[in-house]
Amino acid sequence: MKLKQLESLLGDLQQFSNPKVELEQYPTGPHIASRLLYTAENSFDDISNKVVADFGCGCGTLGAAASLLGAEHVIGIDIDSQSLELASMNAEDLELDIDFIQCDIGNLGWRGQIVDTVVMNPPFGTRKKGIDMDFLFVALKVASRAVYSLHKTSTRDYIRRAALRDLNASSAEVLCELRFDVPQLYKFHKKMEVDIAVDLWRFVPKCSRGR
């Protein structure tokens, strides 16, 4: 599947109608989502015929992209039941077979490296400090090949240092810098839209089967 076709399909997905600020629910737009998954597949072969988990899946955009690119099995995980209902509808609209689990990532309880790849756009930690690293900690424990994640560019040095020193990563690479468009979703937003510089990271866990 070509990148433009993937982005177009993701652009038709339903997004949050009443996002929850405490969960930092910002939709992962089709531009960023398509590039994240397209890079994971075409540069590293981490998606097709692989078991892929979408952490904090929200509307299910990243998981849908993984499925469209030929993942063997996709699991979307989110703490919010309304998000999972929306993600399930989006999967049905695209005729994709995706499993969804309602769970706090910190309480996931998976043992060992039971998925190949984790993809995620975790909360940035503006409402709950450190939650982005909580997501990364669990992802690097359960993925056998790679973890793809978006983090604020301003935290780049900290993310790399923490991933390599504390979170079981054997490598931590910024693949590219992107602009994350945050629309005016909440009352405290003063501007119609703001774009934030984010890094697309690829982390390889220790004892990985990936490259």
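Residues numbered from 1 in each chain as written. Predicted model: local features only at pLDDT ≥ 70, side-chain atom pairs only at ≥ 80, totals over all residues. Heavy atoms only, no water.

Draft legend 1. Spatial organisation of helix α2 (residues 30-42). In this model, α2 (13 residues) spans 17 Å end to end at C-alpha, consistent with the 18 Å of a helix rising 1.5 Å per residue. For α2, every residue scored as buried is listed here: I32, A33, S34, L36, L37, A40 and E41. (Helix = DSSP H or I, 4+ residues; strand = E, 2+ residues; numbered from the N terminus. Expected span 1.5 Å × (residues − 1). Buried < 20%, exposed > 50% of the residue type's maximum accessible area, 1.4 Å probe, protein only.)

Draft legend 2. Structural context of the pattern of salt bridges. Tallying each qualifying case throughout the model produces seven salt bridges. One salt bridge connects E177 with R156, and the closest N-O pair in it is separated by 3.5 Å. Of this pair, E177 sits in strand β6 (residues 169-183) while R156 sits in helix α6 (residues 156-166), and the two are 21 residues apart along the sequence. Assessed through its relative accessible area of 44%, E177 is described here as partly exposed. On the accessibility criterion, R156 (26% relative accessible area) is partly exposed. Through salt bridges with shared partners, a single ionic network connects D46, R145 and R202. (Salt bridge = Lys/Arg side-chain N within 4 Å of Asp/Glu carboxyl O.)

Draft legend 3. Looking closely at the packing of helix α1 (residues 3-11) against α2. Close contact between α1 and α2 brings their axes to 9 Å; oriented N to C, the two are set at 135°. Of the possible angle classes, the one that applies to α1 and α2 is oblique. As α1 runs across α2, the sense of the crossing is right-handed. In contact with L3, L6, E7, L10 and G11 of α1, α2 contributes P30, H31, A33, S34, R35 and Y38. Residues of the contact of α1 with α2, tallied by class, amount to six nonpolar, three polar and two charged. (Axes fitted to C-alpha atoms, helices over the stretch in contact; angles between N-to-C directions. Parallel < 35°, antiparallel > 145°, perpendicular 65-115°, else oblique. Left-handed = near helix turned anticlockwise from the far one by under 90°. Contact = heavy atoms within 4.5 Å. Nonpolar A, V, L, I, M, F, W, Y, C, P; charged D, E, K, R; others polar.)

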